[in-house]
Amino acid sequence: MKLLIVNSAEPEVIEFAENIAKIIRRGQVNYELVNYRDCLKLDLSKYDGVLISGSPQGDDIVEHHQPYFQWIKIYQKPVLGICAGHHITGYMHGAEYLRSKEPESGDCEVKIIHDDPIFNGLPETFVTRQMHNDSVTLPEKFVHLAKSTVCSNQAMKHHNKPLYTFQFHPEYLNRELFENFINICAQQSDQ
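Cut-offs and rules
- Residues numbered from 1 in each chain as written.
- Predicted model: local features only at pLDDT ≥ 70, side-chain atom pairs only at ≥ 80, totals over all residues.
- Heavy atoms only, no water.
- Helix = DSSP H or I, 4+ residues; strand = E, 2+ residues; numbered from the N terminus.
- Rg over C-alpha atoms; globule rule 2.2 N^0.38 Å.
- Buried < 20%, exposed > 50% of the residue type's maximum accessible area, 1.4 Å probe, protein only.
- Contact = heavy atoms within 4.5 Å.
- Lys, Arg positive; Asp, Glu negative; His and termini not counted.
- Charge placed at Lys NZ, Arg CZ, Asp CG, Glu CD.
- Core = buried A, V, L, I, M, F, W, Y, C linked by side-chain atoms within 4.5 Å.
- Salt bridge = Lys/Arg side-chain N within 4 Å of Asp/Glu carboxyl O.
- Expected span 1.5 Å × (residues − 1).

S.K.: Go over the overall build of the chain, please, and point to the residues and values.
M.R.: For the chain, the count of helices and strands is five helices and 11 strands. A compact globule built from 191 residues should have a C-alpha radius of gyration of about 16 Å, and the chain, at 15 Å, falls within 12% of that. Projecting the C-alpha coordinates of the chain onto the three principal axes gives extents of approximately 40 × 35 × 30 Å. Across the 191 residues of the chain, 52% fall into the buried class. In the chain, the share of contacts with a sequence separation of at least 24, taken over all contacts with a separation of at least 6, comes to 73%. The average position of the 18 basic charges and that of the 25 acidic charges among the side chains of the chain differ by 4 Å.

Encoded structure:
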């Protein structure tokens, strides 16, 4: 199995993508880490799944990054977008981008509202690390998976394909979500 980790921040800001890479390395899964601008040059079919990192709080990247993430609309293998990856994916699928309307920072509870294999082993309410000013509404073709008291769309999944996104940063407190994502990738590659 080989995963692609896409750093959605600028090349000099690697902390979010590096934290994801450390978790993937611990799981002994092969991966490649690239900047979002390099996705257009890659053959994405050689990867069993893609993880899109967050970016620093306050970055206004959603509209700027659209040309580099058009592949999300047609990619059929598992994708996990985190924070900025959540915003970019949602906006590309028709969500409203909410600037500074549902900000959260620190450790906050998230409640699962729709059971899904991505949450295997987690209780209905669990603590996550939040670092966001912005958020997105739920796009039409997505299932609402989780919410918090401040941010209504904490997690979502596309109706027809294994495209997941989280508002929160599982790379800090919820590493089991990466294990679940790797299992989803393995199951998809076996089909």
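S.K.: Describe the nonpolar core, listing the residues and the values that go with them.
M.R.: Within the largest apolar cluster, 30 residues are counted, with the highest numbers of intra-cluster contacts made by I24, L51 and F119. Here this core gets six residues from one element, more than from any other, and that element is helix α5 (residues 176–190). In this structure L51 touches L3, L4, I5, V6, I20, I24, L80, F178 and F181, once residues within four positions along its chain are discounted.

S.K.: Give me the lowdown on the pattern of salt bridges, citing residues and values where you can.
M.R.: All chains considered together, the criterion is met by seven salt bridges. We note a salt bridge from K2 to E32, for which the minimum N-O separation is 3.7 Å. With a gap of 30 residues between them, K2 in strand β1 (residues 2–7) and E32 in strand β2 (residues 30–35) connect regions that are remote in the sequence. Owing to a relative accessible area of 23%, E32 belongs among the partly exposed residues under this scheme. For E124, the salt bridge goes to K111, with nearest N and O atoms at 3.6 Å. A residue pair is termed long-range when its members are at least 10 positions apart, and E124 in the loop between β6 (104–112) and β7 (125–132) and K111 in strand β6 qualify at 13 residues. According to the relative accessible area criterion, K111 is partly exposed, its value standing at 36%.

S.K.: Talk me through α5; I want residue IDs and the actual numbers.
M.R.: Over its 15 residues, α5 extends 21 Å from the first C-alpha to the last, a length consistent with the 21 Å expected when each residue adds 1.5 Å. Of the positions making up α5, those classed as buried are L177, F178, N180, F181, I182, I184 and C185.

S.K.: Any details on the environment of M131? Residues and values, ideally.
M.R.: Note on placement: M131 falls in strand β7. For the pair M131 and F119, spaced 12 residues apart in the sequence, the C-alpha separation amounts to 21 Å.

S.K.: Please give an account of the environment of E96 that cites residues and values.
M.R.: As for its placement among the helices and strands, E96 is situated in the loop between α3 (84–92) and β5 (97–98). Residue classification places E96 among the partly exposed residues on the basis of a relative accessible area of 45%. Spatially, the C-alpha atom of E96 lies 14 Å from that of I61, the residues being 35 residues apart in sequence. Non-local contacts of E96, meaning those with residues more than four positions away in its chain, are made with K101, S135, V136 and T137.

S.K.: Can you tell me about α3, naming the residues and giving the values?
M.R.: Judged by how many residues are buried, α3 sits mostly within the fold: eight of nine residues are covered. Looking only at α3, the buried set comprises A84, G85, H86, H87, I88, T89, G90 and M92. Downstream of α3 by a residue or two, G94 has a phi angle that is positive, lying close to 100°.

S.K.: Tell me about unusual backbone geometry, residues and numbers included.
M.R.: The backbone phi angle of Q28 is positive, close to 55°, even though this residue is not glycine. At C83, a residue that is not glycine, the phi angle is positive and equals roughly 55°. Assignment of secondary structure puts C83 in the loop between β4 (79–82) and α3. Take C83: its relative accessible area is 4%, and that puts it in the buried class.

The values are spatial; any link to function lies outside them.
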